[in-house]
Amino acid sequence: MPEELKELRVSNDAMNDPVELRQRIAEEGYLFFRRLQDPDKLWSLRREMLTVMQQGGWLVAGTDPIDGIADVSAQCTEGDLAYTDVYHEVYKLEAFHRSAHWPEVVTMVETIMGRPIMPHPQKIARLWFPKYTEHTTPIHQDFVHFQGNFETLTCWAPVGNCPIELGGLAVLPGSHKVNQVLDHHFSLGAGGLYVDTEQEAAMHKELDVAWHTTNYEIGDTLIFPALTIHKALPNYTEDKLRVSLDNRYQAIGDPIAEHMLEPHLNMVSKLTWEEIYRNWQADDLQYYWKQYANEVVPRDTSYTEKGFAEAIELARRGDARAQLHLKRIVKRDPDSPMGRTAQQVLAESSAETS
Ligand SMILES: O=C(O)CCC(=O)C(=O)O
Ligand SMILES: [Fe+2]
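This section reports on the structure supplied with the text. (Residues numbered from 1 in each chain as written. Chains lettered and ligands numbered in written order. Predicted model: local features only at pLDDT ≥ 70, side-chain atom pairs only at ≥ 80, totals over all residues. Heavy atoms only, no water.)

## Here's the deal with the environment of Asp64
Within the secondary structure, Asp64 is located in the loop between α2 (39-55) and α3 (81-90). In the structure, Asp64 is positioned 160 residues away from Phe224 in sequence and 33 Å away in space, judged by C-alpha atoms. Within the local environment of Asp64, its side chain forms a polar contact with the side chain of Arg47, the two groups lying 3.1 Å apart. (Helix = DSSP H or I, 4+ residues; strand = E, 2+ residues; numbered from the N terminus. Polar contact = N/O pair within 3.5 Å; in protein donor to acceptor, adjacent residues only side chain to side chain.)

See below:
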């Protein structure tokens, strides 16, 4: 491994001790449990999800979907229409949404928070291709993406085993103690925004840039609040897709940002709850959040606007990653204000280099 990685602290010993759990998450900014979730249920979810991906052309034909063997020529990621074409089919699976409501997860989050909680309507899966490492999820704090309130917890879990080379999540223990939303800059990768931890560490003496992760096994679950700094590791495997869940949970009655009431990536390609629910067997989880009176707050778009402005500047200066980002926006949304600006900047920079 190119960088030194330390092991996550396992908190299974404190599973039934809310005081100790709260103390640990307050101190370390995360809780990690081995096998919090039932491997059998996750294996069956994995099969369902990967079967849809195989139908979408992402897996080598004729291989067992459970093995997740990617057809590398299908590489794509969030922001690409090709990604949402398949992801949104996975997103229609009832079992995928239901997994965020499994009692083992809900009960644990409730134990940690000490209040009744609800999973966010917006569930998230990450379907990450191998040999595509420039699109690895960058260093960030979740608050810039999910907003709403600082107590919201993220639960990250691989759907399958996830050894280090498959690119699981890594956290900076204690990093939530910066106690503020740090500056986020343009990046490729999920969310498109990154924190420069070296620079931040010079300003925040409490920030120790020591990445912690593990060889995750199916069922293992990492839980952390909105200010904990984290990132994904690159998927260095030859041919394996990384499949994982990252769902958010908040106390009932706390504010929620409006976009978290929507299906994930519905701004890349339109997808409605009605479409998602069309083939479901049960209706208990359909629009379940409408029974709760959470204050809905507007989305703060300043983080993404700043990221876009930085991408524009970088692209003008010939930065290939920023240019790739702009090309993706143009492909997806040529007539939006961002799409037009992106086209103009790309045209200017190619005129300069030709
Ligand atoms: O799985 C990933 O690559 C990103 C996940 C993440 O950032 C999160 O769970 O908050
Ligand atoms: Fe995150």
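Text resumes after the structure shown.
## Notes on helix α10 (residues 320-332)
With 13 residues, α10 should reach 18 Å at 1.5 Å per residue; the first-to-last C-alpha distance of 18 Å fits that figure. Among the residues making up α10, those that are buried are Ala322, Gln323, Leu326, Arg328, Ile329 and Val330. Where α10 begins, one side-chain oxygen reaches toward the backbone nitrogen of Arg321, 3.0 Å away; that side chain belongs to Asp319. (Expected span 1.5 Å × (residues − 1). Buried < 20%, exposed > 50% of the residue type's maximum accessible area, 1.4 Å probe, protein only.)

## Remarks on empty space enclosed by the protein
Going through the model one piece at a time under the given rule, you end up with 5 cavities of 30 Å³ or more. Taken as a whole, the largest cavity spans an internal volume of roughly 80 Å³. Lining the largest cavity are Cys76, Thr77, Leu127, Trp128, Phe129, Tyr132, Thr133, His135, Thr136, Pro234 and Asn235. Its residues assigned to classes, the lining of the largest cavity shows 6 nonpolar, 5 polar and no charged. Considered as a void within the structure, the second largest cavity measures approximately 60 Å³ in volume. Contributing elements (two or more residues each) for the lining of the second largest cavity: β5 (153-158) and β12 (242-251). For the lining of the second largest cavity, the residue count by class is 6 nonpolar, 3 polar and no charged. (1 Å grid on protein atoms, 1.4 Å probe; cavity = no way out; pocket = protein on both sides within 12 Å on 5 of 7 lines; lining within 4 Å. Points joined across faces, edges and corners; volume = space filled by probe spheres on them. Nonpolar A, V, L, I, M, F, W, Y, C, P; charged D, E, K, R; others polar.)

## Focus on the packing of aromatic side chains
Under the defined criterion, the tally for this structure stands at 15 aromatic pairs. Between Tyr287 and Trp289, the ring centres sit 5.8 Å apart and the planes meet at 55 degrees, which makes this aromatic pair tilted. Trp289 sits in the buried class, given a relative accessible area of 9%. Among the aromatic side chains, those forming a connected cluster through ring pairs are Trp58, Tyr83, Tyr87, Tyr91, Phe96, Trp128 and Phe129. The ring of Trp102 carries the charged tip of Lys41 above its face, separated from the ring centre by 4.6 Å. In this arrangement the basic side chain of Lys231 is found over the ring face of Trp211, its NZ or CZ atom lying 4.4 Å from the centre. (Phe/Tyr/Trp six-rings, centres within 6.5 Å; stacked < 30°, edge-to-face > 60°. Lys NZ or Arg CZ within 6 Å of the ring centre and 35° of its normal.)

## Regarding unusual backbone geometry
Phi at Arg35 is positive, roughly 50 degrees, even though this residue is not glycine. Tracing the sequence through the fold places Arg35 in the loop between β2 (31-33) and α2. Residue classification places Arg35 among the exposed residues on the basis of a relative accessible area of 57%. Non-glycine residue Leu265 carries a positive phi angle of around 60 degrees.

## What to know about the packing of α2 against α3
Where α2 contacts α3, the axes come no closer than 9 Å and their chain directions differ by 145 degrees. Here α2 and α3 pass one another in a crossing that is right-handed. Of the residues in α3, those in contact with Met49, Val52 and Met53 of α2 are Val86, Glu89 and Val90. The residue makeup of the contact of α2 with α3, split by class, is 5 nonpolar, no polar and 1 charged. (Axes fitted to C-alpha atoms, helices over the stretch in contact; angles between N-to-C directions. Left-handed = near helix turned anticlockwise from the far one by under 90°. Contact = heavy atoms within 4.5 Å.)

## So, the packing of helix α1 (residues 18-28) against helix α5 (residues 103-113)
One can describe the packing of α1 onto α5 by two numbers: an axis separation of 8 Å at closest approach and a directional angle of 80 degrees. Judged by the inter-axis angle, α1 sits roughly perpendicular to α5. On the side of α1, the interface is formed by Pro18, Leu21, Arg22 and Ile25, while α5 contributes Met108, Thr111, Ile112 and Met113. Of the residues in the contact of α1 with α5, the class split is 6 nonpolar, 1 polar and 1 charged. (Parallel < 35°, antiparallel > 145°, perpendicular 65-115°, else oblique.)

## Points about the site of ligand 1
Around ligand 1 lies a shell of 15 residues, among which Thr137, Asp142, Arg242, Asp246 and Arg248 are the nearest. A distance of 3.1 Å is found between an oxygen atom of ligand 1 and a side-chain nitrogen or oxygen belonging to His230. Between ligand 1 and Arg248, the relevant distance is 2.7 Å, taken from an oxygen atom to a side-chain nitrogen or oxygen of the residue. In isolation ligand 1 exposes 290 Å². Once the protein is present, 99% of that is buried. Its atoms largely coinciding with the cavity grid, ligand 1 occupies the largest pocket. Counting residues per element, the shell around ligand 1 draws most heavily on β12, at 4 residues. Taken together, the residues that form the shell around ligand 1 break down as 5 nonpolar, 5 polar and 5 charged. (Near = heavy atom within 4 Å. Areas by Shrake-Rupley, 256 points an atom, 1.4 Å probe, with all protein chains shown as cover. Sits in = over half its atoms within 2 Å of the grid points.)

## Quick word on α3
An α-helix turns once every 3.6 residues. As a result, residues three or four positions apart point the same way. Tyr83, Thr84, Val86, Tyr87, His88 and Val90 are the residues of α3 that are buried. Close packing links the buried residues of α3 with α2, α4 (94-99) and β4 (125-128).

By themselves, these figures tell us nothing about what the structure is for.
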